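Chain by chain, the residues:
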Amino acid sequence: MDIKSIDKIVSLCKRRGFIFQSSEVYGGLASTWDYGHLGVELKRKLKNEWWQNIVTSRDNVVGMDAAILMHPKVWEASGHVENFNDPLVDNKDTKKRYRLDHLLEGQKPEVVESLTNAIFKDNPPEFASEEDHIVILTQHLNDLGETGGSLLKDSGVRDPHSGAVGNWTNPRQFNLMFQTHIGPTQDSSSIAYLRPETAQGIFVNFANVQITSRQKLPFGIAQMGKSFRNEITTGNFLFRTREFEQMELEFFVHLEDTKKWLEYWSNERLEWFKSLGITPEKLRLRAHGGDELAHYSSACYDVEYQFPFGWSELEGIADRGTFDLDQHNAHADKKQSYFDPQQNKHIVPAVVESSAGVDRAFLTVLVDAYREEEVNGEKRVLLKLAPKLAPITCAVFPLMNKGEQVEKAELLVKEVRREFSGFIDTGGSIGKRYRRQDEAGTPYGITVDHQTMEDDTVTIRDRDTMEQERISIDSILDQLRSRISAT
RNA sequence: GCGGGUGUAGCUCAGUUGGUUGAGCAUCAGCCUUCCAAGCUGAGGGUCGCGAGUUCGAAUCUCGUCGCCCGCUCCA
């Protein structure tokens, strides 16, 4: 599948009612998308699959649902206020952009020294380490504002891409958290943030949930919901957006067991994606290198999918140690701890996190399902969605759009709807109606014909094979059940 | 944010040196009655992304702006 196929999927999504661009009538809002009538069904089914797999089917995981707005101190404790931003600089000559700290790390010692002298003149502070040195330089350069760029240039900071001294812009700070105000007036005391991850809602409720659910280590708390990040660069359709939905599991364990559980959940999560019918060869687990790890994490696996635009992350499974609970214990009045009966003392549990993007999973399912086939010299576009995920499970057609066949079809679609999502289509030739449903990803089509009127049988047609079988109308629900469970 | 590309009907695209925007598909109504999109008749749908400028006249030329795509960076 080539890179163009994302465009084809965007087009199909709009044409069939999966995804529309947000605020389209006002010219659109950058990288925000709305789910249409088919999209919302697919998304709900995807989320239900996750909840069923992570929460409902397990006795050691419970769910919760925290508010999007939280006390601002949550984000100070979590490190997001401090760390969730990156000063960036651009080289106007090469048009390349760098994170300032990464850029400085790669410079020669004399360049760093020259910068240090320029910033601190004659009394530089003590640097605990080389890393600390870079952090402090980055901070000061960022604070310099108007003169930062020329300072970089004068100190001879080179562009790793060209090897030449860069024509640098002033460093600019991007805070990735959306700020808002609580209360009718916008004074500074009312600043709040839209959460950049759902995880913190779980951490600050750890003790509440643990005590009320009477769970013992190891156990998990799961949540799904919207999160917001002011991404510098968005794109690839639904892949990177500023408003997105997460499915997160925080699994609390004894500190010495994190490695074991990290392996366990990494494999569980990879298998889950496979269970959605996604091509296994296009899924992989990739361990993070040391330099890729987030500030809170000591080990991490990504579940990745091979998109037309390359291997990209669907989900991160991370060992966060005791970082989060420690942070809240240091900042908050109320302590988050666990009484371990074996050791007869209070401990701070470590956590293994699995954090998946709903919209990314949605995009993956669509991209993976998209097919163009040649049938009798004609192109057939279909979505080979897993039947359990398809927005419409079964469409019903009267072969002729008249009289008793239509009445019968209306009765049958009602029957289908007792358990599955059904849709009746009376318009156009039967072939055209099958193809419409192929494009929507509907796995089964039931057709009422002349024979139905004589012996109460109908044909059921399979989307993928296009083969039909004649069945009794009494067995429709049984047929659908067994066909779905067989996939 | 910077660089490159792009924007005409729901979708895919035409549109000449500047002169009243077209096609195919889709949609809707009717006819036809047929198990894999192409039968017949008719209808609806566009301030050519938006705003200025040049011009007698702009989809077309210029500038600005917004959205989308690719790259740089970051992440779910």
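See above for the structure.
Predicted model, so just to flag it, every value in this text is computed and none were measured. (Residues numbered from 1 in each chain as written. Chains lettered and ligands numbered in written order. Predicted model: local features only at pLDDT ≥ 70, side-chain atom pairs only at ≥ 80, totals over all residues. Heavy atoms only, no water.)

1. Details of the sheet that holds strand E11 (residues 283-287)
Whether parallel or antiparallel, the strands of a sheet pair through hydrogen bonds between backbone atoms.
Part 1 of the reasoning: Ordered by their spatial adjacency, seven strands build an open sheet running E3-E9-E10-E16-E13-E12-E11, and the pairing between neighbours is mixed. If you trace the sheet from one side to the other, it starts and ends with strand E3 (61-63) and E11, each paired once. Adjacent strand axes in the sheet meet at a mean angle of 25° when their direction is disregarded.
Part 2 of the reasoning: Here E11 runs beside strand E12 (residues 299-307); their pairing, made up of five bridges, is antiparallel. Among the inter-strand pairings, arginine 286 is bridged to a residue of E12, identified as aspartate 302. (Pairing = 2+ DSSP bridges. Helix = DSSP H or I, 4+ residues; strand = E, 2+ residues; numbered from the N terminus. Axes fitted to C-alpha atoms, helices over the stretch in contact; angles between N-to-C directions.)

2. Examining the packing of helix H2 (residues 37-56) against helix H13 (residues 358-369)
Part 1 of the reasoning: As a packed pair, H2 and H13 sit with axes 10 Å apart at the nearest point and diverge in direction by 110°. In terms of orientation, H2 and H13 fall into the roughly perpendicular class. In this structure, H2 crosses over H13, and the sense of that crossing is right-handed. For the pair H2 and H13, contact is made by Gly39, Leu42, Lys43, Leu46 and Lys47 and by Val358, Asp359, Ala361, Phe362, Val365 and Leu366, respectively.
Part 2 of the reasoning: Classifying every residue of the contact of H2 with H13 by side-chain character gives seven nonpolar, one polar and three charged. (Parallel < 35°, antiparallel > 145°, perpendicular 65-115°, else oblique. Left-handed = near helix turned anticlockwise from the far one by under 90°. Contact = heavy atoms within 4.5 Å. Nonpolar A, V, L, I, M, F, W, Y, C, P; charged D, E, K, R; others polar.)

3. Quick notes on the protein's contact with RNA strand B
Part 1 of the reasoning: Around RNA strand B, the surrounding shell holds 56 residues, and the nearest of these are Ser31, Arg97, Asn236, Glu378 and Met400.
Part 2 of the reasoning: Near the protein, meaning within 4 Å, the atoms of RNA strand B are sugar or phosphate in a fraction of 56%, with bases accounting for the rest.
Part 3 of the reasoning: Backbone polar atom of glycine 357 to a sugar or linking oxygen of RNA strand B: 3.1 Å apart, as the coordinates give it.
Part 4 of the reasoning: Separating a sugar or linking oxygen of RNA strand B from a side-chain N or O atom of arginine 435 is a distance of 2.9 Å.
Part 5 of the reasoning: By residue number, the principal contributor to the surface near RNA strand B is helix H15 (residues 430-440), which donates six residues.
Part 6 of the reasoning: Taken together, the residues of the surface near RNA strand B break down into 14 nonpolar, 20 polar and 22 charged. (Near = heavy atom within 4 Å. Polar contact = N/O pair within 3.5 Å; in protein donor to acceptor, adjacent residues only side chain to side chain.)

4. Thoughts on unusual backbone geometry
Leaving glycine aside, a negative phi is the common case for residues, and trans is the common case for peptide bonds.
Part 1 of the reasoning: Here the amide bond leading from leucine 217 into proline 218 is cis, since omega sits at -5°, within 30 degrees of zero.
Part 2 of the reasoning: When you line up the elements, proline 218 lands in the loop between helix H10 (206-213) and strand E9 (219-228).
Part 3 of the reasoning: Phi at serine 31 is positive, roughly 50°, even though this residue is not glycine.
Part 4 of the reasoning: Within the secondary structure, serine 31 is located in the loop between strand E1 (19-21) and strand E2 (33-35).
Part 5 of the reasoning: Classification of serine 31 by relative accessible area gives buried; the value is 12%.
Part 6 of the reasoning: The backbone of aspartate 456 sits at a positive phi, close to 55°, despite the residue not being glycine.
Part 7 of the reasoning: Overall, aspartate 456 belongs to the partly exposed group, its relative accessible area being 34%. (Buried < 20%, exposed > 50% of the residue type's maximum accessible area, 1.4 Å probe, protein only.)

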